[in-house]
Amino acid sequence: MLYVAAHPDDENTRLITYLANEKKVNTAYFSFTRGDGGQNLIGPEIMEELGVIRTQELLEARKIDNGKQFFSRAVDFGYSKHPEETFKIWDKDKVLGDLVWVIRKFRPDIIITRFNTAPGTTHGHHTASAILAEEAFDIAGDATKYRDQLIYVQPWQPKSLYWNTYWWRRSEHQKDTANLISYDIGKYNSLLGLSYSEIAALSRSSHRSQGFGATGSRGIQKEYLQYTKGQEAEKDALEIIDLSWNKIEGGKEIDIDIDHILSTFDPANPVGILNDMFKLRHKVGNIEDDFWKQAKLDEIDEIIYAVTGLFLEVSAEDYTASHGDEVELEIEAINRSSADIVLKKVTFKTLGVGMTYAVNLDNNRIQKLKSKIIIPKSASYSQPYWLKNDHGIGMFEVNDQRLIGKGENDPAISVDFLLNINGEEIVFSKPLIYKRNDPVLGEVYRPFVIAPPVYANISGSVVIFANHASQDIFVDIKAGKNDLKGTVKLNLPNTWKMEPAVHEFELSQKGEVATVVFKVTPPNLQETAIANAVVKIDEKEFSYSYTEISYDHFPAQLLFNSSDVKFVKLDLEKGNEQIGYILGAGDNIPENLRQIGYEVDIINEMVFTQKNLDQYDVIILGIRALNTVERLKFDMDNLLDFVHRGGNLIIQYNTSHRLVTEDFAPYPLKLSRDRITVEEAEVKILIKGHQLMNYPNQITSKDFDDWVQERGLYFPSNWSDEYEPILSSHDPGEEPLTGGLLVAKHGKGYFIYTGYSWFRELPAGVPGAYRIFVNMISMSDNARQSK
Ligand SMILES: [Zn+2]
């Protein structure tokens, strides 16, 4: 069964758990994206780095619910309202090909979609995922489609396609289950000691970066499938599929052997089935069907490994190594059964080297062997395969067909153990790993990776030059191996000046960091440039940065991105207002405002007395403060009084449901789900002469250039006459939305409500967004600004 949807978290872990563990069918989730476009609730990573986190979270979820995990090359570029918009940004032909490829490789009999193809009811990516699933269902079995794939795979026609219906949003579907297939996913598994719904909750809770911790539920619970395409089953989607060995030539005899093994299996002496398992292995090795032969041999080998209590592992002295490095290894091998086992050979497949042994693995006698490898100069760096090449907003660039669909890279180095067990030769493959003891967490594993010899990280992800003054730019050079000596320079267009042109450095130990400083002077005019740090060692140039993503709930990930950082020279006038900031769900705006010279205090813990509030000119609510900051239920009056006395209050976007208070504005104002998802959508200035569009920066249409991801979200839809709408914009084919920036005079001060996506644009270094944000801050009658 292949479950198809758009994002990490779309998948129904209850149904996946049930099918994989109760029905015992090979079950997989195909997510078109890695969730790069979402928000991160557990740390600062966004975009590609967030996609790496969500990928790992999905892989961890599948370890719990026993499913497999696949992806396409599509980028999660943010919210889209309509599948047509989604297909304009994704390369539809390529993403469809990726799903066809996975269908041909994984060979599902049943495809289940999370969403249906009716546009407009949910995220455009969701609807697109259902449209693509239906199209892929129609063509995966057609040898004239995606012919390039047929070098590696055969065409494959799944039997049926169903929609896993839901009623959790609008009720356009009556909850009429008469013609639907249903499964009781709340069923209790007495061998596992858990119900499938309880296991599903554990799996779901892997999605920590989305804040999707789930509480286990017990008792009968139904999931429903609505027939869409192909053969239709009556009660159970699987009833039309032969799940027995009968479908394979010579399978009947194998079925009898398996029944015999099951009936003689003694959990207290699992190795008792070993010789029968080897007999079975020979029979399965002789079947014609290559697909099932390989799949079942893998499962048999896994059982043999388990019943002999084997433990085979190779760990490296460090988790990174570079070209030419010699790496010390420890090989650990133990047999915990009465079987006769001899370790004969350990081979490093990717390196083409191996060691021959004749080590008896006696029952419960540990064998620890030392070894060494040298990392060849031809080995490629362990950057996640979808991030190796630059990519556009819609698609990752992956050129090797065989990598497409994979959750993550294959191990940098994989190790084959050749054993002789009771006279039979068998190979077990293990990844080379690194492990250490953490005083808090205990044994911590991480992948061994092949890394560049040196890294250069420019401080900050976007550097803002708010005026003509030069800034000190710090570059950290980190050694990926011992005894490095070289130079580092900063590549920038020649409109930018820097001092000195080049630094020399020397690092004796791997892991050591040297920091150098470049004094950079920006050009006079507004300009955006990409700065790139280039390290030169022995005439070889390296331009990689070092990013570690480390959390408790998945193995640590290392990224070797290019060392690029965006430098932005703004054409900006500003005052020196004092700003109090109330953080909501979390955003970087306070830091962005400090970068352009404001003093910003975070005042979430402050007592909101008149004296305390009046030390500020402006108070800003961070994104979703009205959804997340409980105290605002009681404290909005104090903030509105602050406005009345002459202060300026700016409220950024909040979602329309679950507000801590409805009384957050001086005059009636109602939020909606209105959003503008196309970041290039034209923005009209409704009141050209308004102070907000003129002081201190004169705003023009140019200030809406180069925005990222979207224009804005959750705009107010109704407001009273006291508010002046300043801007108007809309997605293609929709009505103009004018609620994105509203200003009202209240007493002596100003109240501003704005759903435009400042929290995305400022961190991305969008010049116009800074200029408008500064004007919002400067909105005042007493013009305290000093230039
Ligand atoms: Zn989704």
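Use the structure listed above.
Residues numbered from 1 in each chain as written. Predicted model: local features only at pLDDT ≥ 70, side-chain atom pairs only at ≥ 80, totals over all residues. Heavy atoms only, no water.

### What to know about the coordination of the zinc ion
Alright, step 1. In this structure, His7 (ND1), Asp10 (OD), Asp10 (OD) and His126 (NE2) serve as the protein donors to the zinc ion, at separations of 2.1 to 2.8 Å.
Alright, step 2. Taken together, the 4 donor atoms coordinating the zinc ion span angles of 52 to 124° at the metal, a pattern that classifies the geometry as irregular.
Alright, step 3. Between the donor residues of the zinc ion, the gaps in sequence give the motif H-x2-D-x115-H. Here His126 lies in helix α5 (residues 124–139) and Asp10 lies in the loop between β1 (2–5) and α1 (13–21), a separation of 116 residues in the sequence. A single burial state applies to Asp10 and to His126, both of which are buried. (Donors = N, O, S within 2.8 Å, 3.2 Å for Na, K, Ca; no water. Tetrahedral: all angles 85-135°; square planar, octahedral: opposite > 155°, others 65-115°. Helix = DSSP H or I, 4+ residues; strand = E, 2+ residues; numbered from the N terminus. Buried < 20%, exposed > 50% of the residue type's maximum accessible area, 1.4 Å probe, protein only.)

### What about the pairing of strand β14 (residues 353–361)?
Alright, step 1. When strand β13 (residues 341–348) meets β14, the two strands line up antiparallel, connected through 7 bridges. Pairing of Val342 across the sheet is with Asn360, part of β14.
Alright, step 2. Hairpin connection from β13 to β14: 4 residues lie between these consecutive antiparallel strands, with Gly352 at a positive phi of about 70°. (Pairing = 2+ DSSP bridges.)

### Re the sheet that holds β13
Alright, step 1. The 4 strands are arranged β14-β13-β16-β17 in an open sheet whose pairing can be described as antiparallel. Looking at the sheet topology across the chains shown, the edges are occupied by β14 and β17 (424–431). Across the sheet, the mean angle from the axis of one strand to that of its neighbour is 20°, orientation sign disregarded.
Alright, step 2. Contacting β16 (414–421) and β17, helix α8 (residues 274–285) runs over the sheet at an angle of about 90° to β17.
Alright, step 3. Set on the sheet, helix α9 (residues 290–307) makes contact with β16 and β17; between it and β17 the angle comes to about 90°. (Axes fitted to C-alpha atoms, helices over the stretch in contact; angles between N-to-C directions. Contact = heavy atoms within 4.5 Å.)

### Structural notes on the packing of α8 against α9
The packing of two helices is summarised by the inter-axis angle and the distance between the axes.
Alright, step 1. Two elements in contact, α8 and α9, have axes separated by 10 Å at closest approach and are oriented at 165°. Our classification of the angle between α8 and α9 gives roughly antiparallel. The handedness of the crossing between α8 and α9 comes out as left-handed. Between α8 and α9, the contacting residues are Leu274, Met277, Phe278, Leu280, Arg281, Val284 and Gly285 on the first element and Lys293, Lys296, Leu297, Ile300, Asp301, Ile303, Ile304 and Val307 on the second.
Alright, step 2. Broken down by class, the residue content of the contact of α8 with α9 amounts to 10 nonpolar, 1 polar and 4 charged. (Parallel < 35°, antiparallel > 145°, perpendicular 65-115°, else oblique. Left-handed = near helix turned anticlockwise from the far one by under 90°. Nonpolar A, V, L, I, M, F, W, Y, C, P; charged D, E, K, R; others polar.)

### Side note on the nonpolar core
A general trend in soluble globular proteins is that nonpolar side chains are found buried together.
Alright, step 1. Among the nonpolar cores identified, the biggest contains 84 residues, and Leu419, Ile421 and Phe567 are the most heavily contacted of them.
Alright, step 2. With residues near it in sequence (within four places) discarded, Leu419 still touches Leu310, Leu312, Ile341, Val342, Leu343, Leu361, Glu424, Glu425, Ile426 and Phe428.
Alright, step 3. By size, the runner-up hydrophobic cluster in this structure holds 52 residues, among which are Ala466, Leu570, Ile726 and Val774. (Core = buried A, V, L, I, M, F, W, Y, C linked by side-chain atoms within 4.5 Å.)

### Comments concerning the packing of aromatic side chains
Alright, step 1. Counted under the stated rule, the structure contains 33 aromatic pairs.
Alright, step 2. Summarising the aromatic geometry, the rings of Tyr381 and Tyr544 are spaced 5.2 Å apart at their centres and angled 85° between planes, so their arrangement reads as edge-to-face. Of this pair, Tyr381 sits in the loop between β15 (367–374) and β16 while Tyr544 sits in the loop between β29 (540–542) and β30 (547–551), and the two are 163 residues apart along the sequence.
Alright, step 3. Looking at Tyr381, the relative accessible area reads 15%, which means it is buried.
Alright, step 4. Tyr544 gets classed as partly exposed once you look at its relative accessible area, which sits at 28%.
Alright, step 5. Taken together, the ring pairs connect Phe704, Trp707, Phe715, Tyr756, Trp758 and Phe773 into an aromatic cluster.
Alright, step 6. Over the ring of Tyr598 we find Lys574; its NZ or CZ atom is 4.2 Å from the centre of that ring.
Alright, step 7. Note that Arg631 overlies the ring of Phe608, its terminal NZ or CZ placed 3.8 Å from the centroid. (Phe/Tyr/Trp six-rings, centres within 6.5 Å; stacked < 30°, edge-to-face > 60°. Lys NZ or Arg CZ within 6 Å of the ring centre and 35° of its normal.)

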